[in-house]
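Examination of the molecular architecture
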Amino acid sequence: MNKFLGLFLLSALAAFAQTKTGDIDNGKRLFERNGCYQCHGHAGQGGLAGARLAQTKLPQVAFIAYVRNPSSGGMPPFRAKVMSDQDLADVYAYIKTFPEPRAAKDIPLLNP
Amino acid sequence: MDKPDESKNPVNRRGFLTGAAAGVAGLAATPPVLLAQQIALKPEAHAPAEVTSNQRPGSDFMVDVFKSLDIEYCAANPGSSFRGLQESFVNYGGNKNPEWLTCCHEESSVAMAHGYAKIEGKPMLIMAHGSVGLQHASMAIYNAYCDRAPVYVVLGNILDVNYRRGNPEWVHSVQDAAAMVRDYTKWDDTPVSLGHFAESAVRAYKIAMTPPTEPVVLVADGTLQEEPITEKNLRIPKLAMSSPPQGDSNAVAEAARLLVAAENPVIVAGRVARTPRGIDLLVELAETVGARVQDQRLRMNFPSAHPLYGHPGAAIATPNLSGYDVILGLEVQDFWGLTHKMTGLNKFGMESQPTTRPGAKIVSISAIELSHKSNYQDFGRYLEADLAITGDPEATLPELIEAVKKLITPDRRRAIAERSAKIAEANQRDRERDRELAAVAWDASPISTARLSAELWAQIKNEDWSLVSNDRFVSYWPTRLWNFSKPYHYIGAQGGAGIGYQAPAAVGAALANRKHGRLSVSIQGDGDLNYAPGVLWTAAHHRIPLLTVVHNNRAYHEERMYLTLLAAKYDRDPGTSDIGTALNGPNIDYASIAKGYGLYAEGPISDPQDLGPALKRALERVKNGEPALLDVVTQPR
């Protein structure tokens, strides 16, 4: 096992250890109340103002880390005073409930 | 024109007032108390006299002047300071060329003219009081100024104190009517005679139409309007249009050299195409040099399905220019902002850094250098261009294209072809990705803006359509999913980012489209519609066919996002952002409002399954020549 793979597995294990169980209902409430939907859409579809959240590939830990310190100039940092780690875990749990979209090829209006 | 025959009517208003003044002067030596008694004893001497005249008023001549300019419409909320012109337009001018349009707000009048100009390529008149009417109109004039749109503003005013009869005429009168908007109009004048009026009216048209095209103001004095024509040898000057300013040939040759030598040039298109030819020229330049075109969507500049079209998604606002070695900006809005990155609002302090790569050459072709003003800051931050060419892009492109063609060697031609093929591949990938993104939340309620745009496109794509609205607030989905190619397919945005523009601009653009038989559709923000919804009645009254699809996110949403951002920045409650921004509690029923103004309307529509059939029903009404409105409850962006 090379040292890089080891580090990766260690960090993944650490991430797993830190993963919290999210409350979907509270996550939905916070997603709407605290304005996440304003840029990312009520269905997490994204748009001009914000990235798509539906079907995010980010693990929970990375998601929380990003919200704490976003790289996008347009995204505000939501610190723990505003949304706790548990709050963000709840929001993450809610985001993961967004349904898998149909493929565009299966939607006649999206095929010229 | 006919000379007035004063002998037939000696009791004209000016003569009457002169006589009255002489009478009062004759009594001047009489003690005031006695004077009052005399007046009381002889009321008939000072009773208001009905002054009639069979002589033509000055406003008839003004109508002749405007007819000579081939102006189709005059939009106005009626006002006593230009009643003479209104009466002459209708009874002397036959209410045709210009035809009078009844507006419910001066801001609507101007924004209608703004939208009309961007379709028809020429101004229409708007009229307003020089004081209260212009105060209403001023934001819309600023929008037109920032958007380089020619709008012809005529202001009523009574300059001579002797002619102001009472309070309304005093409070409506102003010493220098155009002063209020001089910072954001190109030219104005206050003629003091009919001959002066004719010359300035023609000059105003010429100035408005010479790039950079911008609003102009002409004051029509109330006395000049209503007094009989007494001036001799009146004539209307010939309209002699100026050629648009073209870039210096040496500078254009240098721009061509840079473009041909570039390994990866890009063209940023701001307000490029003034005429249909502008689109063809930009296509020819892009294809000749093999450059991607990043369109700011301020005009219909470039076909959206062209393989060299830059990714139209979020990148419109902040395209990534880091990979290019030559950046050619054509009448770009905020060129500095496009080439620099500033500190986001979520961090303290303001810093900036270039987003272009070291050594990249920045070339600008712009006519706005010819029309700078100081007070309003629409000119943006100073751009350290490597080559700044003063001139109208459309007028300069033919020479630039020819210069480029002369410099292209077989080697460069091969490189250009290879580059163009790569851009086309990337364009295809972007379009496919956009379709996949549009599928996300396809069945969601509120309805996604992608779904709204796709449903509308399905209904209009086989028609001769015109989108008479900006699509920024719906994440540019029409640009990403539709096929924009003709000059009237798109009209851009407000210019000055002044809200209240969209609804009347759409009506004005639809008015211009009407005689061409085009199908006008507008995706209308709910917040914007609330500024002056009376323009819906204007559309109904004048039978202006237009489908208004309300993008109803029930908020002034842009500001709501800012409030959330700031609250989070300060570690405060972001859940308060609805205060002062949300348009709910109660929800506004736009369909009922529209019905009240006489439109066919449906809504609120929140189930995406209902949208397609509703669009079809509404468009049938529009195709029959009437306006219609659908209230669609949508996702925010």
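Bear in mind that the values here come from a model prediction, so they are computed numbers and not experimental data.

1. Let's talk about the nonpolar core
Counting 199 residues, the largest nonpolar core has Ile126(B), Ile141(B) and Leu282(B) as the members making the most contacts within it. Setting aside chain neighbours within four positions, we find Ile126(B) in contact with Ala75(B), Ala76(B), Ser109(B), Val110(B), Ala113(B), Ala137(B), Val151(B) and Val153(B).

2. Some thoughts on the sheet that holds strand E14 (residues 465-467) of chain B
All names here are of chain B. Across the sheet, which stays open at both edges, the five strands sit in the order E14-E15-E16-E18-E17 with parallel pairing between neighbours. What marks the edges here is a single partner per strand, and that holds for E14 and strand E17 (600-605). With direction set aside, neighbouring strand axes in the sheet form an average angle of 15°. The pairing of E17 with strand E18 (residues 627-633) spans four bridges and is parallel. Paired with Tyr600 across the two strands is Ala628, which belongs to E18. Contacting E14, strand E15 (519-525) and strand E16 (546-552), helix H18 (residues 502-514) crosses the sheet at an angle of about 175° to E15.

3. Observations concerning helix H21 (residues 557-569) of chain B
Taking 1.5 Å as the rise per residue, H21(B) with 13 residues should run 18 Å; its terminal C-alpha atoms sit 18 Å apart, in good agreement. Regarding H21(B), the residues found buried are His557(B), Arg560(B), Met561(B), Thr564(B), Leu565(B), Ala567(B) and Ala568(B). Summarising the axial view, the buried residues of H21(B) lie within an arc of 165°, below the 170-degree limit, and thus occupy one face. Its buried side turned inward, H21(B) meets helix H3 (36-40) of chain A. Count one or two residues on from H21(B) and you reach Asp571(B), which has phi positive near 60°.

4. Details of the domain arrangement of chain B
Its domain assignment divides chain B into domain 1 (6-46), domain 2 (58-226), domain 3 (249-424) and domain 4 (440-633). Taken together, the contacts link nine residues of domain 2 of chain B with twelve residues of domain 3 of chain B.

5. Observations concerning the packing of helix H12 (residues 276-289) of chain B against helix H14 (residues 393-407) of chain B
All names here are of chain B. In the contact formed by H12 and H14, the axes pass within 10 Å of each other and the chain directions differ by 25°. The orientation of H12 relative to H14 falls into the category roughly parallel. For H12 against H14, the interelement crossing comes out left-handed. Of the residues in H14, those touching H12 at Arg277, Gly278, Leu281, Leu282, Glu284, Leu285, Thr288 and Val289 are Glu394, Leu397, Pro398, Leu400, Ile401, Val404 and Lys405. When the residues that make up the contact of H12 with H14 are grouped by side-chain class, the tally is nine nonpolar, two polar and four charged.

6. A few points about the environment of Ser371(B)
Residue and element names in this part refer to chain B. Looking at where Ser371 falls in the secondary structure, it is placed in the loop between strand E12 (361-366) and strand E13 (387-390). You can call Ser371 partly exposed: it has 17 C-beta atoms within 10 Å. With 145 residues separating them in the primary sequence, Ser371 and His516 have C-alpha atoms 33 Å apart. Once you skip the residues sitting within four places of it in the chain, Ser371 turns out to touch Lys186, Pro212 and Glu214.

Criteria and thresholds
Residues numbered from 1 in each chain as written. Chains lettered and ligands numbered in written order. Predicted model: local features only at pLDDT ≥ 70, side-chain atom pairs only at ≥ 80, totals over all residues. Core = buried A, V, L, I, M, F, W, Y, C linked by C-beta atoms within 7 Å. Buried ≥ 20, exposed ≤ 12 C-beta atoms within 10 Å, placed from the backbone. Contact = placed C-beta atoms within 7 Å. Pairing = 2+ DSSP bridges. Helix = DSSP H or I, 4+ residues; strand = E, 2+ residues; numbered from the N terminus. Axes fitted to C-alpha atoms, helices over the stretch in contact; angles between N-to-C directions. Expected span 1.5 Å × (residues − 1). Arc of directions from axis to C-beta. Domains from an automatic or database assignment. Parallel < 35°, antiparallel > 145°, perpendicular 65-115°, else oblique. Left-handed = near helix turned anticlockwise from the far one by under 90°. Nonpolar A, V, L, I, M, F, W, Y, C, P; charged D, E, K, R; others polar.

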